[in-house]
Amino acid sequence: MKDIFMNSISSEEIALFLKEKLIGKNIILTGVSSITDLKKNTLSFISNAQYSDDVSKKSLLIVKKNFEIDENSSNSYIKVDNPKILFIKILNKFFYKQK
């Protein structure tokens, strides 16, 4: 059984873990949120082109490589091939702990 363990982590640490480039500023993340209810300083992902992000939040979004980033966005991004799978890997590594 896994419990949610909300630990703060930087977006740079996540980019290093994924071995991918961070696009945007390094921000400290304190939790996760869904893309439909994006909150400041959280981690989320977009894997479906029908969703877009709230560019006013300071969040880290894991997105597909072809995702177009709004130049006015205050979010940070990591572009990957499969956002959903890598989002789950990040949760397991940094936001959950085993019982």
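Residues numbered from 1 in each chain as written. Predicted model: local features only at pLDDT ≥ 70, side-chain atom pairs only at ≥ 80, totals over all residues. Heavy atoms only, no water.

Caption draft 1: Fine view of the overall build of the protein. The secondary structure content of the protein amounts to two helices and nine strands. The N-to-C order of helical and strand elements in the protein reads β-β-α-β-β-β-β-β-β-α-β. For the protein, buried positions account for 38% of its 99 residues. Contacts spanning at least 24 positions in sequence make up 41% of the contacts within the protein whose residues lie at least 6 apart. (Helix = DSSP H or I, 4+ residues; strand = E, 2+ residues; numbered from the N terminus. Buried < 20%, exposed > 50% of the residue type's maximum accessible area, 1.4 Å probe, protein only. Contact = heavy atoms within 4.5 Å.)

Caption draft 2: Spotlight on the environment of Asn66. Locating Asn66 in the fold gives a position in the loop between strand E7 (60-64) and strand E8 (76-80). For the pair formed by Asn66 and Val80, sequence separation is 14 residues and the distance between their alpha carbons is 8.9 Å.

Caption draft 3: Spatial organisation of unusual backbone geometry. Of note, the phi angle at Lys19 is positive, near 60 degrees, even though the residue is not glycine. Looking at the secondary structure, you find Lys19 in the loop between helix H1 (11-18) and strand E3 (22-23).

Caption draft 4: Spotlight on the packing of H1 against helix H2 (residues 83-95). Orientation of H1 relative to H2, taken along the N-to-C sense of each, is 115 degrees, at an axis distance of 11 Å. Looking at the two axes, H1 sits roughly perpendicular to H2. Considering the relative orientation of H1 and H2, their crossing is right-handed. Between H1, through Ile14, Phe17 and Leu18, and H2, the contact on the second element is made entirely by Leu86, Lys89, Ile90, Lys93 and Phe94. Along the lines of polarity and charge, the residues of the contact of H1 with H2 split into six nonpolar, no polar and two charged. (Axes fitted to C-alpha atoms, helices over the stretch in contact; angles between N-to-C directions. Parallel < 35°, antiparallel > 145°, perpendicular 65-115°, else oblique. Left-handed = near helix turned anticlockwise from the far one by under 90°. Nonpolar A, V, L, I, M, F, W, Y, C, P; charged D, E, K, R; others polar.)

Caption draft 5: Layout of the packing of aromatic side chains. Counting across every chain of the model gives three aromatic pairs. Here Phe17 and Phe94 contribute two aromatic rings whose centre-to-centre distance is 5.3 Å and whose plane-to-plane angle is 85 degrees, an arrangement assigned as edge-to-face. Of this pair, Phe17 sits in helix H1 while Phe94 sits in helix H2; the two residues are 77 residues apart in sequence, bridging distant segments of the chain. (Phe/Tyr/Trp six-rings, centres within 6.5 Å; stacked < 30°, edge-to-face > 60°.)

Caption draft 6: Here's a closer look at the nonpolar core. In terms of nonpolar packing, the biggest core is built from 18 residues, with Ile14, Leu43, Leu60, Ile62, Ile78 and Ile90 touching the most fellow members. Secondary structure elements with two or more residues in this core: H1, E7, E8 and H2. Take this core: its biggest share by element is six residues, from H2. Beyond its immediate sequence surroundings of up to four residues, Ile62 is in contact with Leu18, Leu43, Ser44, Phe45, Ile46, Ile78, Val80, Pro83 and Ile90. Counting seven residues, the second-largest nonpolar core is a separate cluster that includes Ile35, Ile46, Phe67 and Tyr77. (Core = buried A, V, L, I, M, F, W, Y, C linked by side-chain atoms within 4.5 Å.)

Purely spatial values, then, with no claim about function.
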